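Single-letter residue listing:
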Amino acid sequence: EIDPEAIVRWIDNVSDNTIGFVVVLIFAIILWFIGKAIINAITRGVERGAPLNDPKARRALAKAKIKVDERDSLDARLEAERRKQRADTLRRVLKSGLFVILTIIVVMTGLATLGVPVAPMIASAGILGVALGFGAQSLVKDILSGIFMLMEDQYGVGDVIDVGEATGSVEEIGLRCTRLRSIDGTVWYVPNGEITRVGNMTRMWSRV
């Protein structure tokens, strides 16, 4: 049997908590735009590279009559493409992480507004996270290795690299694995966490 008084109390409780939920939602939206702006600023810095690689900086130095050595146009284009790939990958990863965190906060707040007990769910999520952490150590290792590899610019798409068991041209770089194509046409998928050393044969230099 449905208790009308209980329904009324539940509606009153939801009404009281709705303002708090709206505040959290607005705060999350503001954080999303602020976080996006910060991420874009950081990745644009990665994409520009060194100050002397920035066309605006070079024009300013030219106006000040400060001599700057001209760089080979092909090398400059290749390096710019490598920086763009790194920046795009880092931008996607950081924005995805920010979105997931803010979504979890909003969802948990919405459940609390509806009267759903959130504390047991948080405790269960913590236990599940520990279990997944033990079971997915290799995945976490691959992703962390991929992030550091991108930040250090160890290799890029188009480079010919030697990673031990596989040698070939880099076709795709992901956070979890790197895809190579060897000279005989074999495609290798190498998890980033298993790469202990990298030999880059074509980084701004090659021999035919």
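Look up a bit, the structure's there.
Below or above, wherever it landed, is the structure these notes cover. (Residues numbered from 1 in each chain as written. Predicted model: local features only at pLDDT ≥ 70, side-chain atom pairs only at ≥ 80, totals over all residues. Heavy atoms only, no water.)

## With respect to the overall build of the protein chain
- Looking only at helices and strands, one finds 5 helices and 5 strands in the protein chain.
- When the helices and strands of the protein chain are placed in sequence order, the string is α-α-α-α-α-β-β-β-β-β.
- A total of 208 residues make up the protein chain; the buried ones form 23% of that total.
- Of all intrachain contacts in the protein chain linking residues separated by at least 6 positions in sequence, the fraction that spans at least 24 positions is 58%.
- Accessible area of the protein chain: about 14,300 Å², with a carbon and sulfur share of 66%. (Helix = DSSP H or I, 4+ residues; strand = E, 2+ residues; numbered from the N terminus. Buried < 20%, exposed > 50% of the residue type's maximum accessible area, 1.4 Å probe, protein only. Contact = heavy atoms within 4.5 Å. Areas by Shrake-Rupley, 256 points an atom, 1.4 Å probe, with all protein chains shown as cover.)

## Thoughts on the pattern of salt bridges
- The full count for this structure, using the stated rule, is 4 salt bridges.
- The residue Arg-179 makes a salt bridge to Glu-171 at a minimum N-O spacing of 3.1 Å.
- The exposure class of Arg-179 is partly exposed, given its relative accessible area of 23%.
- A salt bridge links Arg-179 to Glu-172, with the nearest nitrogen and oxygen atoms 3.0 Å apart.
- Overlapping salt bridges, with partners in common, bring together Glu-171, Glu-172, Arg-179 and Arg-181 in one network. (Salt bridge = Lys/Arg side-chain N within 4 Å of Asp/Glu carboxyl O.)

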